[in-house]
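# Structure assessment
Listed here are the chains, written in short residue letters.
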There are 2 protein chains.
Amino acid sequence: MADIQNGDSCSSSPLELFERVTAQGEKVRSLKAGKASTEEIDAAVKLLLSLKVTYKTATGQDYKAGSPPVDFSPVSNNGPITTQDEDFVDPWTVQTSNAKGVDYDKLIVRFGSSKIDKELINRIERVTGKTPHRFLRRGIFFSHRDMNQILDAYENKKPFYLYTGRGPSSEAMHVGHLIPFIFTKWLQEIFNVPLVIQLTDDEKYLWKDLTIERAYEYAIENAKDIIACGFDINKTFIFSDLDYLGMSSGYYKNVVKVQKHVTFNQVKGIFGFTDSDCIGKISFPAIQAAPSFSSSFPQIFKDKKDIQCLIPCAIDQDPYFRMTRDVAPRIGYLKPALLHSVFFPALQGAQTKMSASDPNTSIFLTDTPKQIKTKINKHAFSGGKDTIEEHRKYGGNCEVDVSYMYLTFFLEDDDKLEQMKQAYTSGALLTGELKKVLIETLQPLIAAHQQRRKQITDEMVKQFMTPRKLAFDF
Amino acid sequence: MADIQNGDSCSSSPLELFERVTAQGEKVRSLKAGKASTEEIDAAVKLLLSLKVTYKTATGQDYKAGSPPVDFSPVSNNGPITTQDEDFVDPWTVQTSNAKGVDYDKLIVRFGSSKIDKELINRIERVTGKTPHRFLRRGIFFSHRDMNQILDAYENKKPFYLYTGRGPSSEAMHVGHLIPFIFTKWLQEIFNVPLVIQLTDDEKYLWKDLTIERAYEYAIENAKDIIACGFDINKTFIFSDLDYLGMSSGYYKNVVKVQKHVTFNQVKGIFGFTDSDCIGKISFPAIQAAPSFSSSFPQIFKDKKDIQCLIPCAIDQDPYFRMTRDVAPRIGYLKPALLHSVFFPALQGAQTKMSASDPNTSIFLTDTPKQIKTKINKHAFSGGKDTIEEHRKYGGNCEVDVSYMYLTFFLEDDDKLEQMKQAYTSGALLTGELKKVLIETLQPLIAAHQQRRKQITDEMVKQFMTPRKLAFDF
């Protein structure tokens, strides 16, 4: 079927059609229940049938009550839709039974996004004159929506901006949490564009057993780790939802605009909400959607409503932005473009996302060199063989080896990585030796992060989080 | 059954119990569907049954799936619950088949509020030393929640504040819209307390076919009519939701707190929302709830979270505040107290509320003396007899006569009103003569309003709507 997500402004989106069929169905039922005249019922049924035909033409799918168009919605009303190999991905849960991790090619098909292929990577290099980031070279950012539009804009000297974020569920961040920020920092540098970073403390308050005050504290602590990634204070605005919603003349207006154009049926389909969920959760997707529109930041973009947004994020956040892209043309805004990353594997293996609540699944940004060493040696899942003899004979399996996977994220040197892959696969390199390389890569990286974080004062956090003009003219 | 709404802080409200039974029911169903072990299912069923007993003990009602506790919820999931005589009241629709209007005594029983009786009116007079307002003397404000708490507070010199509001659905306001403001102004004068006035332009944007900009314009225009009622600029803060949410460090936080503690099931039960409603409508009740808490206005109350709120409003707004009162103790806040008014009848009769969209159902604040005269003579429903002879013989019926009803709202002189009632009932006073009295009462009243409104500058509106300290110390 046509890629509805990448289509231009459409007066009737599949979801709107779905809603219209549903509403007409309800009308027919109420006419019948109300014992309306045969003519009235017949006319209503006729309209219902014709709407169903329109729906099928537009979506290639039969209308099914309670199931919004599939391409728009990764989860059905009855719970998750899983691919044949049982991967499950939504903003709160990522699960796969495969030791290699989620099947990302299948996810691209299911989510209706596009693969970041060699051609796109080459174009990024050509347009910016910079070597593509290792996350691009190694398929860590693997999927996109409308990235070519962004490159067109850049070539035509049309401005755009970056938007990413984090849900501050605890004080502690682990190395996996750095991925979107490392990449976003690189994007900001090569494109030289404004960046807004959302801390969804309101979301964490709604979803977790936290007070508002605690959620906000976590946001501030997380902001320090984010700033320590090296963002340019003149080009970056970091905001807590709880704070910024009460400080912006544009944000709430955009939230309400989104909220007017998304029904409960839709968020039920997209996020799996139920009637027992609180109304805060049900309306939250609009809060994550609104920063995709430049008018949410009048202090940066003045009255400009047409500055396009590029969102680098992990693929599990895509449901929010599929919804945003569906709504955008209906409220007169541009659809945000997206760059999706894979998930960072837990030490125990790629079957699950790392968890900030289990210290042994992750390397935390607060870990000491000794903790890093112990965790990797003790917990990093090995693709090596059980004995040295067998390993020398049969070699290790990089596809499931967590130490090797981590090196693909953090070791910059392509040649060295390739050498190790060959040596490990052949059996020349032992698991302990591979782990040693990872330990020696992560220890200085995390020590340097801790060093930078120590320099971050409350005053700097306050500056980053103050709504203000950035170093760009709009 | 016990008045659950007026009870103190309760760890398990009827609604919470309802939710728990519902959730446990869902668990039992999913265990059965998932083919869980017999022991597991039995244990879950046992808990379900015991929860149902607790629910019945607490509410006096049997648990019924999909129907939240009746005292809390005027409408069921299947639509309105109407009393035997078919009155229907919710924030968007008021209907009755009775020419005398809604049966307010029944509404008090159904909503679980308390009647404003002679004793309470006497206490207000005793405590304030002021003659009770004609709206109290004549039962126009007829119902309350916790007004005695407010009077206790006043006697003990404990501060409280007033909160009322308006949904700016158009530029045009009619005389009926003045009722809560006339009364609120009187309350502010006799108690000398801060007042906040909410203009729900976000609500009107969500419910109507309006742009955000237009809804905001209506809010500003309506603010002028409200200011023209004579509110003290040093004691009154007027706010548009679309504006103030982006200007307050306290408002959004309270909105999210309420949103965390109200489920879709609950708003479905209270307001009749469906799955096809947009998520903006579904979460809106929290926006109307939050100004009931003093911490939504830090510029007025500083960090004080325990200043009680008194809300004068028409009875159709009560569902919002029943919800608010249910949530308040669970988020550590005081329940707001309420004073409820009857509806202002349409010129055509008390069966419906006046409509701002039909010019002939109402006297507008912009009407000329001539328009007022024509509308009343032509459209005001008469309780008189068809011929002068019959009228002289049998007399008129004040209970259904709209001109007489209007006079109860606007004629201050009790003796004159009583004389007219007797003369009309006896037949001595003709319909035309009664209408003449009303015309002569409304013409100067509206002319004076127009005169005052003309004096309202944009600068004054801006001042009233600027978040600021009022003339009270907290």
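Structure: see above.
Residues numbered from 1 in each chain as written. Chains lettered and ligands numbered in written order. Predicted model: local features only at pLDDT ≥ 70, side-chain atom pairs only at ≥ 80, totals over all residues. Heavy atoms only, no water.

With that settled, the discussion passes to the sheet that holds strand E7 (residues 160–166) of chain A. Residue and element names in this part refer to chain A. Read from one edge to the other, the open sheet built from seven strands follows the order E5-E6-E11-E10-E7-E8-E9, with strand pairing classed as mixed. Two strands in the sheet have a free side with no partner beyond their single neighbour: strand E5 (114–115) and strand E9 (236–240). Judged from the five bridges that link them, E7 and strand E8 (residues 195–199) form a sheet pairing that is parallel. Across the sheet, Thr-164 pairs through a bridge with Ile-197, a residue of E8. Contacting strand E6 (141–145), E7, strand E10 (308–314) and strand E11 (337–341), helix H15 (residues 318–327) runs over the sheet at an angle of about 165 degrees to E11. (Pairing = 2+ DSSP bridges. Helix = DSSP H or I, 4+ residues; strand = E, 2+ residues; numbered from the N terminus. Contact = heavy atoms within 4.5 Å. Axes fitted to C-alpha atoms, helices over the stretch in contact; angles between N-to-C directions.)

So, on to empty space enclosed by the protein. Summed over the entire model, instances satisfying the criterion amount to four cavities of 30 Å³ or more. Gln259(A), Ile287(A), Tyr252(B), Val255(B) and Gln259(B) are, among the 18 residues lining the largest cavity, the residues nearest its centre. Listing elements by their share of the lining of the largest cavity, those giving two or more residues are helix H11 (251–260) and helix H13 (279–289) of chain A together with helix H11 (251–260) and helix H13 (279–289) of chain B. Its residues assigned to classes, the lining of the largest cavity comprises twelve nonpolar, six polar and no charged. (1 Å grid on protein atoms, 1.4 Å probe; cavity = no way out; pocket = protein on both sides within 12 Å on 5 of 7 lines; lining within 4 Å. Points joined across faces, edges and corners; volume = space filled by probe spheres on them. Nonpolar A, V, L, I, M, F, W, Y, C, P; charged D, E, K, R; others polar.)

Turning next to the pairing of E8(A). All names here are of chain A. Most of E8 is tucked away: five of the five residues are buried. Burial along E8 is two-sided: the residues Leu-195, Ile-197 and Leu-199 and Val-196 and Gln-198 are all buried. Of the pairings in the sheet, the one linking E8 to E9 comprises five bridges and is parallel in character. Paired with Leu-199 across the bridge in E9 is Ser-240. (Buried < 20%, exposed > 50% of the residue type's maximum accessible area, 1.4 Å probe, protein only.)

Next up on the list: the relation of the copies chain B and chain A. When chain B is fitted to chain A, the best match, at an RMSD of 0.2 Å, comes from turning it 180 degrees and sliding it 0.1 Å along the axis. Read as a symmetry element, the transformation amounts to a two-fold axis. When C-alpha distances to the rotation axis are compared across chain B, the minimum falls at Gly246(B), with a value of 2.1 Å. When the interface residues of chain B are mapped onto chain A, 100% of them are again interface residues, pointing to one common binding face. (Least-squares fit on C-alpha atoms with pLDDT ≥ 70 in both.)

We now examine the pairing of E6(A). Residues and elements named next belong to chain A. Counting buried residues along E6, five of its five residues qualify, which places the element largely inside the surrounding structure. Pairing of E5 with E6 involves two bridges; the strand directions are antiparallel. Across the sheet, residue Lys-115 finds its bridge partner in E6, namely Ser-143. In this structure, E6 lies alongside E11, joined through four bridges in antiparallel fashion. Its bridge partner lying in E11, Arg-145 is registered against Leu-338.

Looking now at helix H19 (residues 414–426) of chain A. Residues and elements named next belong to chain A. Between its first and last C-alpha, H19 extends 18 Å over 13 residues, near the 18 Å set by a 1.5 Å rise per residue. For H19, every residue scored as buried is listed here: Leu-417, Met-420 and Tyr-424. Each buried residue of H19 sits inside an arc of 65 degrees when the element is viewed along its axis, so together they form one side. In H19, the exposed residues that point more than 90 degrees away from the buried face are Asp-415 and Gln-419. Where H19 is buried, its residues touch helix H17 (388–394), helix H18 (402–410) and helix H20 (431–455). In this structure Asp-413 caps H19, since a side-chain oxygen of it lies 2.9 Å from the backbone nitrogen of Asp-415. Residue Gly-427 follows H19 closely and has a positive phi angle near 100 degrees. (Expected span 1.5 Å × (residues − 1). Arc of directions from axis to C-beta. Polar contact = N/O pair within 3.5 Å; in protein donor to acceptor, adjacent residues only side chain to side chain.)

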